[in-house]
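Summary of the model geometry
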Amino acid sequence: MGLLDADLRIKSIIDVPLEKLSELGIDSLIIDVDNTVTEWKGRNVEARAKEWFLSIKEKGFKACLVSNNNSGERIASIARQLGIPSIHRAGKPRRNAFIRALKILKSKPENTAVIGDQVFTDVFGGNRMGMFTVLVDPISSREFIGTKLMRLLEKLVLRDKKRSRSSNERN
Ligand SMILES: [Mg+2]
């Protein structure tokens, strides 16, 4: 497997197979922020994701947010909402921030998974640290696909309305 290949690909952080990770000896999670936990540059964490963060703690997992974003205030505020530590301006895929996160988590690479939406920062960075890597679909493109689907449905509905209106007119 190459350094750009994630060990696991899933839709969203809430789909992380925690039991499987436990079986692999993993109890620490390094989690990306933008498009993994929030929308790009967002501050809002979906209720489902908040619940997930509560559930991982109950299951004995430690977690740390690690973001390349420069806004320390925003990243810290998200981390506060979730009750976990954070690192901003991380410079992933470089090793430095991963090493800092391991210190915060009091963990080792073999007991740690990196979860994120980007291959060249999260997956590549995690793999070269010897960590388990999990690639998620980016939140905003997920929404974008949703939006596109809604538009398509709208179109179909509007077309049907037009049709029924013109057939009513004819009748
Ligand atoms: Mg990201």
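Remember, it's a predicted structure, so these values are computed and weren't measured experimentally. (Residues numbered from 1 in each chain as written. Predicted model: local features only at pLDDT ≥ 70, side-chain atom pairs only at ≥ 80, totals over all residues. Heavy atoms only, no water.)

Another point: the overall build of the protein. Scanning the protein from terminus to terminus reveals six helices and six strands. Overall, the protein shows an N-to-C arrangement of helices and strands of β-α-β-α-β-α-β-α-β-α-β-α. Taking 2.2 N^0.38 as the reference for a compact globule, 171 residues should give roughly 16 Å; the C-alpha atoms of the protein span a radius of gyration of 20 Å, well beyond that estimate. In terms of principal-axis extent, the alpha carbons of the protein reach across some 75 × 35 × 30 Å. Out of the 171 residues belonging to the protein, those deemed buried represent 42%. When contacts within the protein are restricted to residue pairs at least 6 apart in sequence, long-range pairs at least 24 apart make up 66% of them. Summing over all exposed atoms, the protein offers an accessible surface of approximately 10100 Å²; the carbon and sulfur share of this is 53%. (Helix = DSSP H or I, 4+ residues; strand = E, 2+ residues; numbered from the N terminus. Rg over C-alpha atoms; globule rule 2.2 N^0.38 Å. Buried < 20%, exposed > 50% of the residue type's maximum accessible area, 1.4 Å probe, protein only. Contact = heavy atoms within 4.5 Å. Areas by Shrake-Rupley, 256 points an atom, 1.4 Å probe, with all protein chains shown as cover.)

A surface patch of nonpolar side chains, about 470 Å² in accessible area, is lined by Leu149, Met150, Leu152, Leu153 and Leu156. Here Leu153 lies in helix H6 (residues 139-170). (Patch = residues over 30% accessible without salt bridge, like charges linked within 9 Å, V, L, I, M, F, W, Y side chains within 5 Å. Salt bridge = Lys/Arg side-chain N within 4 Å of Asp/Glu carboxyl O.)

Taken domain by domain, the protein holds domain 1 (8-137) and domain 2 (139-171). Using C-alpha coordinates to define each centre, domain 1 is positioned 38 Å away from domain 2. On the domain 2 side, the residues contacting the eight residues of domain 1 number four residues. In this assembly, domain 1 packs against domain 2 so that about 560 Å² is buried in total across both faces, 43% of it on carbon and sulfur atoms. (Domains from an automatic or database assignment. Buried area = accessible area lost by both parts, 1.4 Å probe.)

For the magnesium ion, the full set of protein donor atoms is Asp32 (OD), Asp34 (O) and Asp117 (OD), at a range of 2.0 to 2.2 Å. Between the donor residues of the magnesium ion, the gaps in sequence give the motif D-x1-D-x82-D. With Asp34 in the loop between strand S2 (28-31) and helix H2 (47-58) and Asp117 in the loop between strand S5 (112-116) and helix H5 (119-128), the pair connects residues that are 83 residues apart, well separated along the chain. Grouping residues by exposure puts Asp34 and Asp117 together as buried. (Donors = N, O, S within 2.8 Å, 3.2 Å for Na, K, Ca; no water.)

Glancing now at the pairing of S5. With five of five residues buried, S5 is to be regarded as a mostly interior element. Burial of the side chains of S5 extends over both faces: Thr112, Val114 and Gly116 are buried on one face and Ala113 and Ile115 on the other. The sheet contact formed by S2 and S5 spans four bridges and is parallel. Residue pairing for S5: Leu29 is matched across the bridge by Ala113. Relative to strand S6 (residues 132-136), S5 runs parallel, the two being bridged by four bridges. Paired with Gly116 across the bridge in S6 is Leu135. (Pairing = 2+ DSSP bridges.)

If you check which residues of helix H4 (residues 95-105) are buried, you get Ala97, Phe98, Ala101, Leu102 and Leu105. Taken around the axis of H4, the buried residues stretch over an arc of 145°, which confines them to a single face. Facing away from the buried side of H4, by more than 90 degrees, are the exposed residues Asn96 and Lys103. The elements touched by buried residues of H4 are S2, strand S3 (62-66), strand S4 (86-87), S5 and H5. Looking one or two residues past H4, Lys106 carries a phi angle of roughly 50°, positive in sign. (Arc of directions from axis to C-beta.)

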